[in-house]
Amino acid sequence: MMMTSPSDNSTLYEQDFNLWLETMVNLLKENRLDELDLENLAEEIQSLPHREQDILEENLEIILMHLLRWKYQPETWSNSWIIMIDLSRKRIYQCLLQSPSLQEYFHDVLDECYKHARKMVTIETGASLETFPEINPFAEDEILDRTFLPDGFFPQYYEDYN
């Protein structure tokens, strides 16, 4: 592999992020530390926890929006909601599996995510804000339970799911 300078790699960071990542990994594996783009590498490493937190929050809000609609507007539900709820639960599960310390973060942001989800579902549906309770009606274990849906609805295919 040709020698590169940190400034060349800094330019690569701006031009092709994925190639820059691959280059940084290869340089680390080959112990060519003097060629690393340390400034951008440190910045990316520092941002990793925030990315995981963002994934967790975004998926938590998606789940809450769909659960609210399911519980308080059952006449409008569709099978696609089950898919969205399940995909979002899976993403949160993966985050918590890879980073168990995010469980505390989940607990800390739940109320704020609920408030945002409540506002978003109001905008989405055109319903009055009062349609949805001010206090989150869903327990943490219900939100994360891949077989829970409001009012005991339990799709047949969930029997073989877990």
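Look a little higher up for the structure.
Let me sum up the structure you'll find in this document. (Residues numbered from 1 in each chain as written. Predicted model: local features only at pLDDT ≥ 70, side-chain atom pairs only at ≥ 80, totals over all residues. Heavy atoms only, no water.)

Let us now look at the pattern of salt bridges. Considering all chains together, one arrives at 5 salt bridges under this definition. In this structure, E35 engages R32 in a salt bridge whose closest nitrogen and oxygen atoms are separated by 2.6 Å. Relative accessible area serves as the criterion here: at 2%, E35 is assigned to the buried category. Overall, the relative accessible area of 12% leaves R32 in the buried class. (Salt bridge = Lys/Arg side-chain N within 4 Å of Asp/Glu carboxyl O. Buried < 20%, exposed > 50% of the residue type's maximum accessible area, 1.4 Å probe, protein only.)

Another aspect to go through is the packing of aromatic side chains. The full count for this structure, using the stated rule, is 7 aromatic pairs. For the ring pair Y13 and F17, a centre distance of 5.8 Å and an interplane angle of 75° mean the geometry is edge-to-face. Classification of Y13 by relative accessible area gives buried; the value is 16%. Each ring, one from Y13 and one from W20, has its centre 4.7 Å from the other, and the planes form 75°; the classification is edge-to-face. Three or more aromatic residues joined by ring pairs form one cluster here, namely Y13, F17 and W20. (Phe/Tyr/Trp six-rings, centres within 6.5 Å; stacked < 30°, edge-to-face > 60°.)

So, on to helix 4 (residues 79-98). In a regular helix each residue adds 1.5 Å, so 20 residues correspond to 28 Å; helix 4 covers 29 Å between its end C-alpha atoms and thus fits that length. Of all the positions in helix 4, only W81, I82, I85, D86, S88, R89, I92, C95 and L96 are classed as buried. Along its buried surface, helix 4 packs onto helix 3 (38-72), helix 5 (102-125) and helix 6 (140-144). (Helix = DSSP H or I, 4+ residues; strand = E, 2+ residues; numbered from the N terminus. Expected span 1.5 Å × (residues − 1). Contact = heavy atoms within 4.5 Å.)

Here we take up the nonpolar core. Note that soluble globular proteins tend to have their nonpolar side chains buried in a common cluster. Counting residues in each nonpolar core, the largest one holds 29 residues, and the members touching the most others are L56, L60, L64, L67, F138 and I143. No other element matches helix 5, which puts 9 residues into this core. Among the nonpolar cores identified, the runner-up in size contains 7 residues, and L12, W20, M24 and L36 belong to it. (Core = buried A, V, L, I, M, F, W, Y, C linked by side-chain atoms within 4.5 Å.)

Before going further, it helps to spend a moment on helix 5. Helix geometry: helix 5 is bent most strongly at V109, by close to 45°. The inward-facing, buried residues of helix 5 contact helix 3, helix 4 and helix 6. Looking one or two residues beyond helix 5, the residue adopting positive phi is G126, at roughly 80°. (Bend = angle between axes of the 7 residues up to and from the residue.)

Attention shifts here to the packing of helix 3 against helix 5. Look at helix 3 against helix 5: their axes get within 7 Å of each other, and the N-to-C directions meet at 50°. Taken as axis vectors, helix 3 and helix 5 run oblique relative to one another. Crossing angle aside, the handedness with which helix 3 passes helix 5 is right-handed. (Axes fitted to C-alpha atoms, helices over the stretch in contact; angles between N-to-C directions. Parallel < 35°, antiparallel > 145°, perpendicular 65-115°, else oblique. Left-handed = near helix turned anticlockwise from the far one by under 90°.)

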